[in-house]
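# Reading the structure
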There are 2 protein chains.
Amino acid sequence: MLVGKKVPRVDAYDKVIGRTKYTDDLCDKSAYIARILHAEIAHGKVTAIHTAEAEKIPGVVKIFTCFDVEEKHYFPTAGHPWSLDPSHQDVADRLILTEHVRFYGDDIAAVVAENEVAAAQALRAIQVEYEEYPFVMDVQEAMKDDAPQLHEEYPHNILKHTTIRKGNYEEAIQEPGLIKVEGWYDTPTVQHCHIENFICTAEMEGDRIKVVSSTQIPHIVRRVIGQALGMDWGKIRVIKPYIGGGFGNKQDVLYEPLCAWLCWKLGGHLVKLDVPREETFVSNRVRHAIRSHIISWVRPDGTFAARKLEAFSDQGAYASHGHSICAKGVGAFPQLYPCDNVEADAYTIFTNKPVGGAMRGYGIPQAMWAVECHTEEIAAKLKMDPIQFRLKNLMPVGYVDPFSKNEMYYDTFRQCMEKGMAAIDYERKYKEYQNQTGDIRRGIGMAVFWYNTAVWPISLESSSCRMVLNQDGSLQVQLGETEIGQGADTAYAQMTADVLGVPLEAVHVVSCQDTDVTPFGTGAYASRQTYTAGFSIRQTALLLKERILKYAQELTRMAPYNLDIVDGKIIRKTDNRELMTLGELSAAALYSLEHSQHLSAESTYQIKSNAYSFGCTFAEVEVDIPMCKVKLLDIVNVHDAGTLINPALAEAQVHGGMSMGIGYGLSERLLFDPKTGRAFNNNLLDYKISTFMDHPRLKALFVENPEPTSAFGTKALGEPPTCSVAPAIRNAVYQASGVFINDAPVTPHNLFRKLKEEGLL
Amino acid sequence: MLVGKKVPRVDAYDKVIGRTKYTDDLCDKSAYIARILHAEIAHGKVTAIHTAEAEKIPGVVKIFTCFDVEEKHYFPTAGHPWSLDPSHQDVADRLILTEHVRFYGDDIAAVVAENEVAAAQALRAIQVEYEEYPFVMDVQEAMKDDAPQLHEEYPHNILKHTTIRKGNYEEAIQEPGLIKVEGWYDTPTVQHCHIENFICTAEMEGDRIKVVSSTQIPHIVRRVIGQALGMDWGKIRVIKPYIGGGFGNKQDVLYEPLCAWLCWKLGGHLVKLDVPREETFVSNRVRHAIRSHIISWVRPDGTFAARKLEAFSDQGAYASHGHSICAKGVGAFPQLYPCDNVEADAYTIFTNKPVGGAMRGYGIPQAMWAVECHTEEIAAKLKMDPIQFRLKNLMPVGYVDPFSKNEMYYDTFRQCMEKGMAAIDYERKYKEYQNQTGDIRRGIGMAVFWYNTAVWPISLESSSCRMVLNQDGSLQVQLGETEIGQGADTAYAQMTADVLGVPLEAVHVVSCQDTDVTPFGTGAYASRQTYTAGFSIRQTALLLKERILKYAQELTRMAPYNLDIVDGKIIRKTDNRELMTLGELSAAALYSLEHSQHLSAESTYQIKSNAYSFGCTFAEVEVDIPMCKVKLLDIVNVHDAGTLINPALAEAQVHGGMSMGIGYGLSERLLFDPKTGRAFNNNLLDYKISTFMDHPRLKALFVENPEPTSAFGTKALGEPPTCSVAPAIRNAVYQASGVFINDAPVTPHNLFRKLKEEGLL
């Protein structure tokens, strides 16, 4: 069995030696270079764009402004499966270029030039006139009656408001003796900072447009380009080569429609749109800043009587993934710590800021920040051990979510927490770090999370797979579920090899998706890859195996049920004798003069299940009180992602997610000028992502409880590692410093303010 | 119905505006440039290659010589399907580079450089030492006992000798009163002269080699590279983009193995091998020069008593397609004019000359030159009208070839000839041109041919097809049968649209083959494309339609047998009501939350039939006797290729083939220096292909007798147009001049020699 083994990544060699082809590598040098002119006001209307000077610059091919977008095909950008039900379709509020500027960085014109220098010069030479409107940058301000309105259709800038009601909150809080714990929790605007910025190219083939894009979701991009250009979707072809990360930013349709439109307007000439890092920060997508207000009414014995949550999610200027992120986070609230009386309200609010979209964790890191900061405060107020308080209240074994039907099959939280405690020597340290004095103090803390796998029953989950047998018994595997750096192709190869009965090296996963020939799949998001693709891989491999054994019957006279494929050989079950290699069979089938058959299989599997993934983070910090500086000393993530397909890749996933979580907890925040709405630090010098230099050794541990609904026992692991890191660090900082920092990240500025408030400085 | 309509080529627009991508367009500029060092002796052994000076040239990466080919994996090059029976496999006599030089131009070393200049300089700087052997350039000389031997395993240089025996020739010729007609007929060595020279590139992906090649046969190239490098075939990936013609030269595996080997030896770096025209003439493939000796014993009433044919085919230095070309031509002999007593011998002989391979017509143009020149001579000797003589003796209606089971279903030859005679005003002119005098004389002549379709039962015939439905009801079609400029993709689109019931623009044929994902097909040769692909297209489209209607049942409650697809819409048969568009159905199926299905279909069809294709050429010439100059005044080809899929493309095919036939009849011949074996005129200045300037208006007419074995009634048309042109011109020259020119082409030199011999000059 290869599933469960630490086999090397199938794409490792080429990536290490630099041979792997990314979008830019595939682009011919004859490409025109496109650059976007972004608005330099936060809100208003473009009244004129003067391009005459820019057009004179040698090498400028053409300049397109928002006034050139004649057909207003509003399109959505969220990388969600299409819904046949219009009421469940994503909000279509974008245009190729816009006259109505809704944030500093909105897209108002595009330059196409023969080279990058001319394009950059032209951008600077364009003059824009605006009619400026007032703007708003705070979610709660934006909800007020007199706030500037971003979209007419959404009064009070509320994109959506959803509620959860359980029991009777107002009645429940009347219970005598209850302790009230209340807090406001804020998470920052952060960006994905994948290595490869968004890039795409477009070129026409006949009357069709071929787009090569650094995307997670080629089949969805195809559909959205069709919507944006008002073209039949089949006229669009999208190719996704290897990509340098996505983390959800590339689960949005970013500039593929613009690039395709420019190409189309220029008669089909190859156009390349390579977005610089500065624009990636502002004009791609960001993680929603969410402000949460939680009130818990707790009994002295540490049980909940009633709870209330209000979450205000900063959507920025356009709907993108819309309310689903805030809704997911708020949906986690009553499930993680079940309580009989719950009121929860999720608001997604437009502001004049960069657009919030999908980002690793999809609302759960924000929710876990709020909930796990708040949980720590309850434990502190009750003077209970925070571990014990959690174990008392966390989702119990046998818990079933009525909506998703997800079930807690195992005593997973306890298993994960015990493993983490042991690894970090929690009990000893927790005791030792109580009641410290002095300038340098240490603390230990933790946080838990849950995350679900894929998007059923909210949206469609299906995966198609095709397998093509070669003459040597090797095969190609095609899937719409994309490799985006996470190692999906390697997992697919392991699964295929096991089900079909061939060695790993016999499986060639076709990594590059081409919507013309790749079976339909919605792409990489929602930590769905190994879970959803697993079903179609198993089903398709079994279908191929059935065809192989049926053909083997023609060659061996043995009934298919007496035949099997083991290690690339056809064996007879009765005596385990090797009758022929799969290569011999495949060549015989292909070249037979009696019965020639090219053995292949293709099938769609619709997934009507979902699965809880769980885990926790333990963090140990040292806080320099006078310097307001936090040093992360040790950190452990423990995950139950079911059966691990490849423990080495699983560990790598967790390491990456932990690093992202450390940045979220300690350093990352996109800052805006309140006077103009302009981002201050949209570059990798001023925006501080956590690096290898900032980390202790990252420890990833696993509890492997096989997921019963899963084709290979596996469930979400791509996003979970980011979910509980920041609150764990914050809770460790609390133990060290005695102060609760409720607005992430725990920067020196934040700590200074809080320590001052508490009189500790 | 679209089959039968003159729809525009699906690839026309991009080709006209220059956007179509060929191999060189797809090659990154970072590619190393490979060039081949060819031997400058006709026969011998390389004893030393001095590369030191060449290696010093800046930009030279590495030089590989025949001594660097350590593993001697002999490989075949013929583009034939692999045979599971070793005795039917192609002769494997090539090495990547060879120490044993067998012709002037053999491949002895290769230079890899960073640019073309360095590569060219390095080629010139390499010094080679040889041990020279005697060489032989004439097929009959090569068969003699004391002739130099090219390959040890083939005594007397006979690659193969096959015979046909029917009745008793020796007895039959004893019949009293028989008239003996005997002649020797020679055809020249010619080259295909496709617009795009052979080019390929190779690059590694992981441990696999990706080759992009201007080939007709990507799946076969994959296999042969595997053989040549001693690698599993599945480790090779071959991509065929659009190509600038092939005409059979690219039905050989030319330099893909060398390019792949160089890439492999250089650690997988991208290597480009772009073969110049001069090398294409000599070191690719040529049409076999075949010398035929025919004796016919004819009764005074114009019937045959007995016939004998010996054909000597000049294979050149390596086996390539081997004996199959000569065998095919000789096999035509007893079928075209059936006779009870026949002896035929086909010899394929190695000589120290460029290698003979496949070329449009595959032995039939040579055979028709011999047979139709000879037929004219019989008619002349009998003083019979040549048309009447032919009609008396040609394959009759109901004739069945015992081997191929091909049948003459219709009175096709008469139909074709009558159509041709009418078009060229044959009877009047034939009469008018009898017994001319003066310097300038005119003549009219004709010749017939037959050609079979595809290669069954000699080799495997199977075709696989895949169709993928898009959300808008359009679809992609993938086939291994390649577009090589002949318009195959357009024919496929028409067939698919008709069977599935969609408009033409809904069918996107994936033109580029990629052996990783394209269903297996052997490629473009043997005029098999529309015939063989037609079966798999029909079968796969019906399979897809069945799946679509089954899904339609879920949406409409109507039984599939009460549903149909017409013009891209699902209709109810009972009242012809349009229930939904195919796009609506496809989107509903894909995005259904109840039952999601990506509709596609894939299947293999094995073809166990073959079909006769027939036709004739009529030509009118003016001969300037003192100048020995022939001017072609008028020419008509008439073809029965069954049902025409696209009459406009059919006409274009015939025009191209006629042009090639005119060159064959009047001007083309590759000449060799008898002292060195070097080609004299391996360039497009000295080698005279027929051009637009040399042609009268080319007339193409058709007799459409639907082929009963064919999925769409169609049969061979790709190669037939070249088959009867040259002898028709020669026969017209005979009427004008009174001399029989038996060695093609009818050049002024040839005519001068013959007119001198006959005392006419």
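Calculation notes
Residues numbered from 1 in each chain as written. Chains lettered and ligands numbered in written order. Predicted model: local features only at pLDDT ≥ 70, side-chain atom pairs only at ≥ 80, totals over all residues. Helix = DSSP H or I, 4+ residues; strand = E, 2+ residues; numbered from the N terminus. Rg over C-alpha atoms; globule rule 2.2 N^0.38 Å. Buried ≥ 20, exposed ≤ 12 C-beta atoms within 10 Å, placed from the backbone. Contact = placed C-beta atoms within 7 Å. Core = buried A, V, L, I, M, F, W, Y, C linked by C-beta atoms within 7 Å. Pairing = 2+ DSSP bridges. Axes fitted to C-alpha atoms, helices over the stretch in contact; angles between N-to-C directions. Domains from an automatic or database assignment. Nonpolar A, V, L, I, M, F, W, Y, C, P; charged D, E, K, R; others polar. Least-squares fit on C-alpha atoms with pLDDT ≥ 70 in both. Parallel < 35°, antiparallel > 145°, perpendicular 65-115°, else oblique. Left-handed = near helix turned anticlockwise from the far one by under 90°. Right-handed = clockwise from strand over helix to strand, strands pointing away. Arc of directions from axis to C-beta. pLDDT = per-residue confidence, 0-100.

This paragraph deals with the overall build of chain A. Helix and strand counts for chain A come out as 19 helices and 29 strands. In terms of C-alpha radius of gyration, chain A reaches 27 Å, essentially the compact-globule figure of 27 Å for 761 residues. When the backbone C-alpha atoms are referred to their principal axes, chain A occupies close to 90 × 75 × 45 Å. Across the 761 residues of chain A, 60% fall into the buried class. Of the contacts made within chain A by residues no fewer than 6 positions apart, 80% connect residues no fewer than 24 positions apart.

For the rest of this paragraph, the subject is the nonpolar core. Cys259(A) and Cys259(B) are the most contacted members of the largest nonpolar core, which totals 497 residues. Apart from residues no more than four positions distant in its own chain, Cys259(A) is found in contact with Ala34(A), Cys200(A), Thr201(A), Ala202(A), Val211(A), Val271(A) and Leu273(A).

Time to look at the sheet that holds strand β21 (residues 507–509) of chain A. Residue and element names in this part refer to chain A. Strand order in this open sheet of four strands is β21-β20-β19-β26, and the pairing throughout is mixed. Looking along the sheet, the strands with just one partner apiece sit at the ends: β21 and β26 (600–606). Ignoring strand direction, the axes of neighbouring strands in this sheet form an average angle of 20°. Both strand β19 (residues 462–469) and β26 contribute to a ladder of seven bridges, which runs antiparallel. Bridge pairing in β26 links serine 464 to threonine 604. Lying over the sheet, helix α14 (residues 488–500) contacts β20 (475–479) and β21, oriented at roughly 145° with respect to β21.

Time to look at the sheet that holds strand β11 (residues 236–240) of chain A. All names here are of chain A. Taken together, the eight strands give an open sheet; going across it, the order is β3-β5-β1-β12-β9-β10-β11-β22, and neighbouring strands pair in mixed fashion. If you trace the sheet from one side to the other, it starts and ends with β3 (60–65) and β22 (513–514), each paired once. Bridging between strand β9 (residues 199–205) and strand β10 (residues 208–213) involves six bridges; their strand directions are antiparallel. When the bridges of β10 are listed, cysteine 200 appears paired with serine 213. The strands that helix α6 (residues 218–229) touches are β10, β11 and β22; relative to β11, the one it contacts most, it runs at about 150°.

What follows covers the environment of Gln366(A). Residue and element names in this part refer to chain A. Relative to the helices and strands, glutamine 366 resides in helix α10 (residues 364–382). Separated by 268 residues in the primary sequence, glutamine 366 and threonine 98 place their C-alpha atoms 31 Å from one another. Discounting residues that sit within four places of it in the chain, glutamine 366 has contacts with Thr187, His288, Ile290 and Gly329.

Further remarks concern the domain arrangement of chain A. You'll often see interface size given as the accessible area lost when the parts meet. All names here are of chain A. You can read the domains of chain A as domain 1 (12–133 + 198–274), domain 2 (394–452 + 610–761) and domain 3 (462–606). Contacts between the two partners involve 17 residues from domain 2, matched on the other side by 13 residues from domain 3. No other element matches the three residues that helix α17 (residues 647–666) contributes to the side of domain 2 that touches domain 3. Of the residues belonging to the side of domain 2 that touches domain 3, the class tally is ten nonpolar, five polar and two charged.

To continue, consider the relation of the copies chain A and chain B. Taken as rigid bodies, chain A and chain B are interconverted by a rotation of 180° and an axial shift of 0.0 Å, the fit giving an RMSD of 0.1 Å. Put plainly, the chains are arranged around a two-fold axis. Taken as a fraction of all interface residues of chain A, those also at the interface in chain B reach 100%, which identifies the copy contact as same-surface.

Moving on to the interface of chain A and chain B. At the interface, 44 residues of chain A touch 44 residues of chain B. Looking at the side of chain A that touches chain B, the elements that each hand over two or more residues are α1 (12–17), β19, β20, α16 (582–591) and β26 of chain A. With four residues, the single largest contributor to the side of chain A that touches chain B is β26(A). When its residues are assigned to classes, the side of chain A that touches chain B shows 16 nonpolar, 19 polar and nine charged.

Here we take up the packing of α10(A) against helix α11 (residues 386–393) of chain A. Residues and elements named next belong to chain A. The contact between α10 and α11 brings their axes to 9 Å, and the two run at 115°. On the basis of their axis angle, the class for α10 and α11 is roughly perpendicular. The two elements α10 and α11 cross, and the hand of that crossing is right-handed. On the side of α10, the interface is formed by Thr375, Glu376, Ile378, Ala379 and Leu382, while α11 contributes Pro386, Phe389 and Arg390. Among the residues forming the contact of α10 with α11, the class breakdown is five nonpolar, one polar and two charged.

Counting buried residues in α16(A) gives nine out of ten residues, a clear majority hidden from the surface. Regarding α16(A), the residues found buried are Leu582(A), Gly583(A), Leu585(A), Ser586(A), Ala587(A), Ala588(A), Ala589(A), Leu590(A) and Tyr591(A).

With that settled, the discussion passes to the pairing of β11(A). Residue and element names in this part refer to chain A. The buried count for β11 comes to five of five residues, which makes it a mostly enclosed element. As paired elements, β10 and β11 share four bridges and run parallel to each other. Within β11, the position partnered with lysine 210 by the bridge is arginine 237. The β-α-β motif built from β10, the intervening α6 and the parallel element β11 has right-handed crossover chirality. Of the pairings in the sheet, the one linking β11 to β22 comprises two bridges and is antiparallel in character. Its bridge partner being in β22, lysine 240 is matched across the sheet by glutamine 513.

So, on to unusual backbone geometry. In the segment running from Ala744(A) into Pro745(A), the intervening peptide bond is cis, with an omega of -5°. For Pro745(A), the position within the fold is in the loop between α18 (725–737) and α19 (748–757). At Asp567(A), a residue that is not glycine, the phi angle is positive and equals roughly 55°. By the element assignment, Asp567(A) lies in the loop between β23 (563–566) and β24 (569–572). Phi at Ser320(B) takes a positive value of approximately 40°, unusual for a residue other than glycine. With 29 C-beta atoms packed within 10 Å, Ser320(B) lands in the buried category.

With that out of the way, let us pick up the packing of helix α9 (residues 324–336) of chain B against helix α10 (residues 364–382) of chain B. Residue and element names in this part refer to chain B. The geometry of α9 relative to α10 is characterised by a closest axis approach of 8 Å and an angle of 45° between their N-to-C directions. By the angle between their directions, the pair α9 and α10 is classed as oblique. Considering the relative orientation of α9 and α10, their crossing is right-handed. Along the contact surface, α9 presents Lys328, Gly329, Val330, Ala332, Phe333 and Leu336, while α10 presents Ile364, Gln366, Ala367 and Val371. The residue inventory of the contact of α9 with α10, partitioned by class, reads seven nonpolar, two polar and one charged.

On to the environment of Thr515(A), then. All names here are of chain A. Within the secondary structure layout, threonine 515 lies in the loop between β22 and α15 (529–556). Along the primary structure threonine 515 and valine 703 are separated by 188 residues, whereas in three dimensions their C-alpha atoms are 37 Å apart. Beyond its immediate sequence surroundings of up to four residues, threonine 515 is in contact with Pro218, His219, Arg222, Arg237 and Val238.

Bringing helix α3 (residues 116–125) of chain A into the picture now. All names here are of chain A. Three or more residues of α3 are buried, namely Ala118, Ala119 and Ala122. End-on, the buried residues of α3 take up no more than an arc of 100°, which puts them together on one face. If you follow the buried residues of α3, they end up packed against β1 (32–38), α2 (52–55), β3 and β5 (107–113).

Let's shift gears to the environment of Leu266(B). Residue and element names in this part refer to chain B. Looking at where leucine 266 falls in the secondary structure, it is placed in the loop between α7 (256–265) and β12 (271–274). Its 18 C-beta neighbours within 10 Å are what place leucine 266 among the partly exposed residues. Leucine 266 sits 204 residues away from lysine 62 along the chain, and the two C-alpha atoms are 8.5 Å apart. Not counting residues up to four positions away in its chain, the partners in contact with leucine 266 are Tyr32, Val61, Lys62, Val112 and Val271.

On to the confidence of the model for chain A, then. Residue-level pLDDT values for chain A average 97, and 100% of them are 70 or greater. Interface predicted TM-score (ipTM) for the complex: 0.96; the corresponding pTM is 0.97.

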